[in-house]
Amino acid sequence: MIDPLPPHIWFVRPHRGHWTGRGYYPARREGWILFAVAYVGFIIVGLGVVLLCAFFPRFIWLWLISGAAIIGAAAFVLNGFLKSHGDLSLDIYDVREMRKKANDAR
């Protein structure tokens, strides 16, 4: 498959629309991997906080605040990756059309 996107673009807009087209959609394998790693990481941190609260209930506020801080910092880093590897001038339908034209021309 020929990919017409520049190599540093991993994310595009999900679709066009003033209110509904916001956010980032993975347009490459690297974007899907980053989303999967972030999703699994958030789940692991959440489960860790639940387990710490269950086994050490005396420090429940410490675990909750620490978990929220870790997830917040990870979301901040993830947002930085999305901004640096995203192109919001394109949506996923544009990318699919560009890929189809590039493969048909081949």
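For the structure itself, look to the data block above.
What you are looking at is a predicted structure, and each value in this text was computed from that prediction instead of being measured.

1. Looking at the sheet that holds strand β2 (residues 25-26)
Backbone hydrogen bonds hold the strands of a sheet together, and the pairing may be parallel or antiparallel.
Piece 1. Sheet architecture is open: three strands sit in the order β2-β1-β3, paired in mixed fashion. This sheet does not close on itself; its edge strands, each paired only once, are β2 and β3 (86-91).
Piece 2. Sheet topology note: the strand β1 (residues 11-13)/β3 ladder contains three bridges and is parallel. By the bridge assignment for β3, Arg 13 is matched with Asp 91.
Piece 3. Sheet contacts for helix α3 (residues 92-105): β1, β2 and β3; angle to β3, the most-contacted strand, approximately 75 degrees.

2. Some points on a nonpolar patch on the surface
Piece 1. Together, Leu 51, Leu 52, Phe 55, Phe 56, Phe 59 and Leu 62 make up an exposed nonpolar region whose accessible area comes to about 610 Å².
Piece 2. Take Phe 59: it is sitting in the loop between α1 (29-55) and α2 (60-84).
Piece 3. Exposure remark for Phe 59: the relative accessible area of 43% places this residue in the partly exposed category.

Conventions and cut-offs
Residues numbered from 1 in each chain as written. Predicted model: local features only at pLDDT ≥ 70, side-chain atom pairs only at ≥ 80, totals over all residues. Heavy atoms only, no water. Pairing = 2+ DSSP bridges. Helix = DSSP H or I, 4+ residues; strand = E, 2+ residues; numbered from the N terminus. Contact = heavy atoms within 4.5 Å. Axes fitted to C-alpha atoms, helices over the stretch in contact; angles between N-to-C directions. Patch = residues over 30% accessible without salt bridge, like charges linked within 9 Å, V, L, I, M, F, W, Y side chains within 5 Å. Areas by Shrake-Rupley, 256 points an atom, 1.4 Å probe, with all protein chains shown as cover. Salt bridge = Lys/Arg side-chain N within 4 Å of Asp/Glu carboxyl O. Buried < 20%, exposed > 50% of the residue type's maximum accessible area, 1.4 Å probe, protein only.

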